[in-house]
Amino acid sequence: MKKYILFRVLRALVSIVVVTTIIYALVFSLIPRRQIFTSDEQYARVAGKADARRQYENSVFQRQGYINYLNQKDLIAKVSKSDTHFDGTDSKANLVAAKKWAKSASGNWKIEQLPVSKTIYATQEISIWRRVGKFYANLIQIDHPWKIQDKSNPDLKRFVKLTWEKGNGPALIGSGTQHKYLAYVDGKFPFIHQKIITLNLGDSYPTFSGRSVTEVLTSGQGETVTREITLSNGNTMNTSMDIHTATYQSPKNQSSRMKRVFKDDYTNVKNLYKDPSMLGNSARIGIVGVILAYLISIPLAVFLSRHAGGLIDRFGLIFITALIALPSLAIIYTDRFVGSLVGLPDSFTTNGAASLSSYILPTIILALLQVPSLTMWVRRYMIDQQSSDYIKFARAKGLSEKEISRKHIFKNAMIPISNGIPTAIIATIAGATMTETIFLIPGMGKMLPDAISAHNNPMVIGITFILTSLAVIAVLVGDILMQIIDPRIQLSSKGGK
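What this report covers is the structure whose coordinates are included nearby. The structure displayed is predicted, hence computed values, not measured ones.

On to the packing of aromatic side chains. Tallied over the full model, the rule gives 15 aromatic pairs. With centroids separated by 6.3 Å and ring planes inclined at 50°, the aromatic side chains of Phe 37 and Tyr 56 adopt a geometry described as tilted. One end of the pair, Phe 37, is in the loop between α1 (2-30) and α2 (41-46); the other, Tyr 56, is in helix α3 (residues 50-63), with 19 residues separating them in the sequence. According to the relative accessible area criterion, Phe 37 is buried, its value standing at 4%. Between Tyr 181 and Tyr 184, the aromatic rings sit 6.2 Å apart at their centres with planes inclined by 80°, giving edge-to-face as the arrangement. The burial state of Tyr 181 is the same as that of Tyr 184; both residues are buried. An aromatic cluster of at least three residues, connected via ring pairs, comprises Tyr 24, Phe 28, Phe 37, Tyr 43, Tyr 56, Phe 61, Tyr 66, Phe 135, Tyr 136 and Tyr 205. Stacked on the ring of Phe 61, the Lys or Arg Arg 33 has its end atom at 5.4 Å from the ring centre. Across the ring face of Phe 439, the terminal group of Arg 336 is positioned such that the distance to the ring centre comes to 5.7 Å.

Okay, the pattern of salt bridges next. The final tally for this structure, using the stated rule, is eight salt bridges. For Glu 125, the salt bridge is made with Arg 33, and the minimal N-O distance between the two is 3.0 Å. Of this pair, Glu 125 sits in strand β3 (residues 120-125) while Arg 33 sits in the loop between α1 and α2, and the two are 92 residues apart along the sequence. As a salt-bridge pair, Asp 450 and Lys 446 come within 2.7 Å of each other at their nearest N and O atoms. Taken as a pair, Asp 450 and Lys 446 lie in helix α17 (residues 444-453) at a separation of four residues, close to a single helical turn. Owing to a relative accessible area of 30%, Asp 450 belongs among the partly exposed residues under this scheme.

Our focus in this paragraph is the side chain of Gln 64. Structurally, the position occupied by Gln 64 is in the loop between α3 and β1 (67-70). Beyond its immediate chain neighbours, meaning those up to four positions away, Gln 64 contacts Phe 28, Ile 36, Asp 203, Tyr 205 and Pro 458.

Moving on, we come to a nonpolar patch on the surface. There is a patch of nonpolar side chains on the surface, built from Val 14, Val 18, Ile 22, Leu 26 and Leu 30 and spanning about 460 Å² of accessible area. Tracing the backbone shows Leu 30 in helix α1.

Within the fold, Ser 175 resides in strand β6 (residues 169-175). Ser 175 gets classed as buried once you look at its relative accessible area, which sits at 9%. A distance of 2.6 Å separates a polar atom in the side chain of Ser 175 from the backbone oxygen of Lys 157. Filtering out sequence-adjacent residues up to four positions away, Ser 175 remains in contact with Pro 145, Leu 156, Lys 157, Arg 158, Phe 159 and Tyr 266.

At a minimum axis distance of 10 Å, the contact between α1 and helix α6 (residues 128-137) shows a crossing angle of 135°. By the angle between their directions, the pair α1 and α6 is classed as oblique. Seen from above, α1 lies across α6 with right-handed handedness. Between α1 and α6, the residues in contact are Ile 16, Val 17, Thr 20, Thr 21, Tyr 24, Ala 25 and Phe 28 and Ile 128, Trp 129, Arg 131, Val 132, Phe 135 and Tyr 136, respectively. The residue makeup of the contact of α1 with α6, split by class, is 10 nonpolar, two polar and one charged.

Here four strands make up an open sheet; going across it, the order is β5-β6-β7-β8 and the pairing antiparallel. The open sheet is flanked by β5 (159-165) and β8 (192-194), the only strands paired with a single partner. Going from strand to strand, the sheet's axes swing by 10° on average, the running direction of each strand aside. Summarising the sheet, β5 and β6 pair through seven bridges and their orientation is antiparallel. If you follow Trp 164 over to β6, its bridge partner there is Pro 170.

Moving on: unusual backbone geometry. Pro 206 follows Tyr 205 through a cis peptide bond whose omega is 5°. Take Pro 206: it is sitting in the loop between β9 (197-199) and α7 (213-218). The phi dihedral of Leu 440 falls on the positive side, at around 60°, and the residue is not glycine. With respect to the secondary-structure elements, Leu 440 resides in the loop between α16 (421-438) and α17. For Leu 440, a relative accessible area of 39% gives the class partly exposed. Its identity as a non-glycine residue notwithstanding, His 455 has a phi of 60°, on the positive side. For His 455, the position within the fold is in the loop between α17 and α18 (457-485).

This next bit is on the nonpolar core. What tends to happen in soluble globular proteins is that the nonpolar side chains get buried as a cluster. The biggest cluster of nonpolar side chains holds 40 residues, and the ones touching the most others in it are Phe 37, Leu 217 and Met 459. At the level of elements, α1, α2, α3, β1, α6, α7, α17 and α18 are the ones that each hand at least two residues to this core. For this core, the element with the most residues is α18, which contributes seven residues. Residue contacts for Met 459: discarding those within four places in its chain leaves Ser 204, Val 213, Val 216, Leu 217, Met 447 and Ala 451. Counting 18 residues, the second-largest nonpolar core is a separate cluster that includes Ile 173, Ile 229, Leu 231 and Val 269.

Let's shift gears to the sheet that holds β1. Strand order in the open sheet formed by three strands is β1-β3-β2, and the pairing between neighbours is antiparallel. Strands at the two margins of the open sheet, each flanked by one partner only, are β1 and β2 (109-113). Taken over all neighbouring pairs, the strand axes of this sheet differ in orientation by 25° on average, direction set aside. When β2 meets β3, the two strands line up antiparallel, connected through five bridges. Looking at β3, one finds that Lys 110 is bridged to Thr 123. Sheet strands touched by α3: β1, β2 and β3. Its angle to β1, the strand with the most contacts, is close to 135°. Across the sheet, helix α5 (residues 92-104) touches β1, β2 and β3, and the angle it forms with β2 is around 160°.

Cut-off values and rules
- Residues numbered from 1 in each chain as written.
- Predicted model: local features only at pLDDT ≥ 70, side-chain atom pairs only at ≥ 80, totals over all residues.
- Heavy atoms only, no water.
- Phe/Tyr/Trp six-rings, centres within 6.5 Å; stacked < 30°, edge-to-face > 60°.
- Helix = DSSP H or I, 4+ residues; strand = E, 2+ residues; numbered from the N terminus.
- Buried < 20%, exposed > 50% of the residue type's maximum accessible area, 1.4 Å probe, protein only.
- Lys NZ or Arg CZ within 6 Å of the ring centre and 35° of its normal.
- Salt bridge = Lys/Arg side-chain N within 4 Å of Asp/Glu carboxyl O.
- Contact = heavy atoms within 4.5 Å.
- Patch = residues over 30% accessible without salt bridge, like charges linked within 9 Å, V, L, I, M, F, W, Y side chains within 5 Å.
- Areas by Shrake-Rupley, 256 points an atom, 1.4 Å probe, with all protein chains shown as cover.
- Polar contact = N/O pair within 3.5 Å; in protein donor to acceptor, adjacent residues only side chain to side chain.
- Axes fitted to C-alpha atoms, helices over the stretch in contact; angles between N-to-C directions.
- Parallel < 35°, antiparallel > 145°, perpendicular 65-115°, else oblique.
- Left-handed = near helix turned anticlockwise from the far one by under 90°.
- Nonpolar A, V, L, I, M, F, W, Y, C, P; charged D, E, K, R; others polar.
- Pairing = 2+ DSSP bridges.
- Core = buried A, V, L, I, M, F, W, Y, C linked by side-chain atoms within 4.5 Å.

Below, the structure written as structure tokens:
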């Protein structure tokens with residue numbers, strides 16, 4: 001079994017890489033790059049100034065990985081090594097010197113000029129495969145005491161130690177690391193947090209510009225929350241700062257106030273917000289939705305299978321088939337309307353994340369989207385088992401249909417039920433995109449179409465990577481669950497050895 005799991009993990013990693021690479025290549029090669037500026041307010045401010053617009057475009061293209069860009073100052077630093085008279089201005093001698101450097105430099109550099117001032121600059125196109133390689137090369141970030149290399153701070157201490165936080169619990173803190181808190185426990189989902197290994201999914205642009213994709217998806221939302229915190233020296237203070245987000249900041253960039261508060265070089269902190277993160281909202285609705293779908297489907301399937309061929313079963317099949325045939329949007333809007341009649345909010349923004357009622361309708365709808373197909377599948381399996389020899393033997397022993405259904409058929413049905421969990425999770429991912437968009441839930445499901453419409457390519461790639469990873473891991477977990485439920489199942493052609 002160990003070899004099988006290792007093989008499946010490797011196959012899962014390959015699947016994630018293949019899907020993400022295909023999406024990356026499609027997004028960054030087929031969508032015109034200039035469309036990324038359509039939702040950029042800063043771009044609108046410089047659109048009327050030809051030189052400023054060109055410089056801004058090149059800077060953004062460089063940050064997004066499309067090109068390497070050398071502005072006038074950077075180009076002077078390169079070309080002046082071979083031609084000390086080069087100053088980047090519009091002259092024949094400067095153009096000749098720049099093109100000579102471009103020809104000798106590695107890579108296919110292109111010498112260009114700004115539209116108005118004719119200032120000289122250089123660009124280099126980065127192929128899509130180089131961009132993909134760079135994405136994976138920087139994807140996994142490991143924090144350690146030698147992560148920070150700051151020449152202006154030679155006395156920076158380097159250590160990792162375990163501490164106990166008052167009111168929270170154990171915490172692993174470091175110095176010389178990028179993050180001060182490498183691992184900690186608090187009351188926020190998922191309750192145990194770690195920053196030793198993090199994902200670098202790129203920087204969000206144009207929406208949420210200046211923030212990483214990971215930060216956008218995992219940071220809290222809404223209003224800031226003020227609370228009392230205990231500092232490392234034992235003093236307390238009321239603040240909205242989240243000390244668990246503290247990252248290293250060079251002494252030359254630190255404010256005197258933050259230095260007095262934290263007494264170390266980890267003075268770059270973010271605020272604590274009232275509402276859960278996008279990832280947190282999607283996880284709450286998705287997990288509860290899957291559980292609720294099984295709690296409804298399994299008893300209903302058992303009930304119908306016990307009355308197979310009867311009037312109840314026939315009417316049940318008609319109703320389930322009709323639900324399967326209905327478009328998902330029809331089910332969502334119908335349930336939304338019915339829910340509003342009984343006082344449930346038809347929009348997440350009505351009561352906000354602080355109210356449990358905001359989650360009820362979206363969660364129920366996510367569950368109901370899966371109930372018809374799940375019920376049909378489990379019912380069919382249980383009916384097939386009723387003609388098996390072990391069921392005939394159980395009837396011959398005098399067991400009632402209820403006992404046979406509960407003790408024998410349902411027990412064996414747990415195997416395909418557990419294997420169907422990955423399908424349920426994948427269906428939840430698909431349903432969440434529509435549900436969160438319709439109910440205006442600030443989660444990953446809503447962020448994906450928003451990012452597509454805003455041409456936020458890094459966000460699209462990041463969410464695709466997360467959802468693909470979740471789906472592939474769910475399939476692997478489903479296989480392992482089958483073997484745990486019934487050890488007789490061999491997960492490899494060689495008996496799982």
